[in-house]
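Chain residues, written in single-letter form:
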Amino acid sequence: MLKKPIRALALSILLPVFAVAPAMAESIDTTPAKILFSDVKTPIPLEARAIGSYAKGCLAGAVALPVNGKDWQAMRLSRNRNWGTPELIAFTEKLAHDAKRQDGWPGLLVGDMGQPRGGPALTGHASHQIGLDVDLWLTPMPNRLLSRDEREKMSATSMVNEKARVIDRSVWTQGQVKLIRRAALDPRVARIFVNAAIKKALCEDTRGDRGWLNKVRPWWGHTYHFHVRLDCPPGMASCVPQKAPPPGDGCGPELDAWLQPPKPPKTPTKPTKPAVKPRPMLLADLPAACRQVLIGAPPGMTPEPAAVPMAYDAAPPADIENPADAPVTGTLH
């Protein structure tokens, strides 16, 4: 792993360094991509492009969501993850505006979006790599401007009694139902990830049109926030789309499977080999255009589209709809 001063130097003046020190280029290729991308603090000024897939890609021409808006406030500012495609920024601002004026939601507390150049994050996510994912708190925004310290330390409210695997009706209201529904009805949205208990509550609380529930998928964690994923923008060939969710509202047996208590571990009949730790994702594992995004490109150069769809790695893919199909991995998604 590169030492901090070397990393900072490498990532601020990479191209000149490569010209005089080929060994530095080798270190870039052997350093985990999550370290390289998390160390870059600014976007690259190229045409806005989501490059690759949601869990294996990067972001050119990122735009920052302003940390303060009339209808939202960005949280956990020290992470520098309030970046996304222009489409994601526009979606977030419109949702905040419409939810407040049409549904009476006090305002959005916006969690993680993506890093300035996308890519794997040092902590917290397997996805959020191409500027099309955003975490939105289920806690209503206070009627005041939060301090920077509050944005770092304020706790979100869990909507779920995790021991019982049911919604907590003391905090869950029609406000959260309307907010998630409004997000799901936006045609740009591909999926919304929520805890299975929240999905169950939405199934129970929805009357009339249920079509929007198709986009709302159960996933591990997600008791404090919901995760919105946009489709690849039209005409953006560099972006690898996710397949559509299965038909139906997702409120049947497939949801019940998520709410079953975990099975007790089987007693091993013979010694087992220790699990092999997955190799960290490297720059070479990402689409080729991500090297340009990371180290810089000549003025006017546009990242090339990914040639083939990129497969998900180590973490379970986010298009798994049945928990029996993948092991529990905590809150990474």
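Everything below is about the structure printed above this text.
The structure reproduced in this document is the subject of the present report. Worth saying up front: this structure is predicted, and the values here are computed from it rather than measured.

Describing the overall build of the protein chain
The secondary structure content of the protein chain amounts to 10 helices and 12 strands. Of all 333 residues assigned to the protein chain, the portion counted as buried reaches 52%. Taking the intrachain contacts of the protein chain between residues at least 6 apart in sequence as the baseline, contacts between residues at least 24 apart amount to 79%. In the form shown here, the protein chain has an accessible surface area of approximately 16000 Å², with 60% of it arising from carbon and sulfur atoms.

Some remarks on the packing of aromatic side chains
For the coordinates displayed, the defined rule picks out four aromatic pairs. When the centroid spacing of 6.4 Å and the interplanar angle of 50 degrees are considered together, the rings of Trp219 and Trp220 count as tilted. Each member of the pair, Trp219 together with Trp220, is buried. A ring pair is formed by Trp219 and Trp258, whose centres lie 5.9 Å apart and whose planes are at 55 degrees; its orientation type is tilted. Note that Trp219 is positioned in the loop between β11 (216–218) and β12 (225–230) and Trp258 in helix α9 (residues 253–258), a separation of 39 residues in sequence. Side by side, Trp219 and Trp258 carry an identical accessibility label, which is buried.

With respect to the packing of helix α5 (residues 86–103) against helix α7 (residues 174–185)
The description of two helices packed together rests on the angle between their axes and the distance between the axes. α7 packs onto α5 with a crossing angle of 135 degrees between their chain directions and a minimal axis gap of 10 Å. Viewed along their axes, α5 and α7 adopt a mutual orientation that is oblique. The two elements α5 and α7 cross, and the hand of that crossing is right-handed. Facing α5, whose interface residues are Phe91, Leu95, Asp98, Ala99, Gln102 and Asp103, α7 presents Lys178, Leu179, Arg182 and Ala183.

Some thoughts on the state of the cysteines
The tally for this structure, following the rule as stated, stands at three disulfides. A sulfur-sulfur distance of 1.9 Å marks the disulfide that ties Cys203 to Cys251. Between Cys203 and Cys251, the S-S torsion sits near -80 degrees, and that sign places the bridge as left-handed. Of this pair, Cys203 sits in helix α8 (residues 196–205) while Cys251 sits in the loop between β12 and α9, and the two are 48 residues apart along the sequence. A single burial state applies to Cys203 and to Cys251, both of which are buried. With a sulfur-sulfur separation of 2.0 Å, Cys232 is cross-linked through a disulfide to Cys239. Residues Cys232 and Cys239 are joined through a disulfide that is left-handed, its torsion about the S-S bond being -70 degrees. In this pair, the class of Cys232 matches that of Cys239, namely buried. Ordinal numbering of bonded cysteines along the protein chain defines a disulfide pattern of 1-6, 2-5, 3-4.

Looking at the pairing of strand β10 (residues 189–194)
Taking burial as the measure, the six residues of β10 include six buried ones, the bulk of the element. In this sheet, β12 lies alongside β10 in antiparallel orientation, the contact comprising four bridges. Among the inter-strand pairings, Arg191 is bridged to a residue of β12, identified as Arg229. Between the parallel elements β10 and β11, the chain passes through α8 in a crossover that is right-handed.

A word on α5
For α5, spanning 18 residues, the distance from its first C-alpha to its last is 25 Å, which sits close to the expected 26 Å at 1.5 Å a residue. Listed in full, the buried residues belonging to α5 are Leu88, Ile89, Phe91, Thr92, Leu95, Ala96, Asp98 and Ala99. Of the residues flanking the end of α5, it is Gly104, one or two places downstream, whose phi is positive at about 75 degrees.

Here we look at α7
End to end, α7 covers 16 Å across 12 residues, agreeing with the expected 16 Å (1.5 Å per residue, within 8%). Those residues of α7 that sit buried are Gln176, Val177, Leu179, Ile180, Ala183 and Ala184. Considered in projection along α7, the buried side chains sweep an arc of 165 degrees and stay on one side of the axis. Contact partners of the buried residues in α7: α5, β6 (108–110), β10, α8, β11 and β12. With a side-chain oxygen lying 3.0 Å from the backbone nitrogen of Gly175, the N-terminal cap of α7 falls on Thr173.

As for the side chain of Arg76
Structurally, Arg76 can be placed in the loop between β4 (72–74) and β5 (83–84). Of the side chains bearing the opposite charge, Glu152 lies closest to the buried Arg76, which forms no salt bridge; the N-O distance is 5.6 Å. From its side chain, Arg76 meets the backbone oxygen of Glu152 in a polar contact 3.3 Å long. If near-sequence neighbours (up to four positions away) are discounted, Arg76 is found in contact with Trp137, Glu150, Arg151, Glu152, Lys153, Met154 and Ser155.

Here's the deal with the pairing of strand β1 (residues 49–53)
Within β1, five of the five residues are buried, which leaves the element mostly enclosed by the surrounding structure. Pairing geometry for β1 and strand β2 (residues 56–60), over five bridges, is antiparallel. From the neighbouring strand, Ile51 faces β2, where its bridge partner is Cys58. The loop that links β1 with its antiparallel partner β2 comprises two residues.

Rules behind the numbers
Residues numbered from 1 in each chain as written. Predicted model: local features only at pLDDT ≥ 70, side-chain atom pairs only at ≥ 80, totals over all residues. Heavy atoms only, no water. Helix = DSSP H or I, 4+ residues; strand = E, 2+ residues; numbered from the N terminus. Buried < 20%, exposed > 50% of the residue type's maximum accessible area, 1.4 Å probe, protein only. Contact = heavy atoms within 4.5 Å. Areas by Shrake-Rupley, 256 points an atom, 1.4 Å probe, with all protein chains shown as cover. Phe/Tyr/Trp six-rings, centres within 6.5 Å; stacked < 30°, edge-to-face > 60°. Axes fitted to C-alpha atoms, helices over the stretch in contact; angles between N-to-C directions. Parallel < 35°, antiparallel > 145°, perpendicular 65-115°, else oblique. Left-handed = near helix turned anticlockwise from the far one by under 90°. Disulfide = S-S within 2.5 Å. Pairing = 2+ DSSP bridges. Right-handed = clockwise from strand over helix to strand, strands pointing away. Expected span 1.5 Å × (residues − 1). Arc of directions from axis to C-beta. Polar contact = N/O pair within 3.5 Å; in protein donor to acceptor, adjacent residues only side chain to side chain. Lys, Arg positive; Asp, Glu negative; His and termini not counted. Salt bridge = Lys/Arg side-chain N within 4 Å of Asp/Glu carboxyl O.

Remember, this is a structural readout, not a statement about activity or role.
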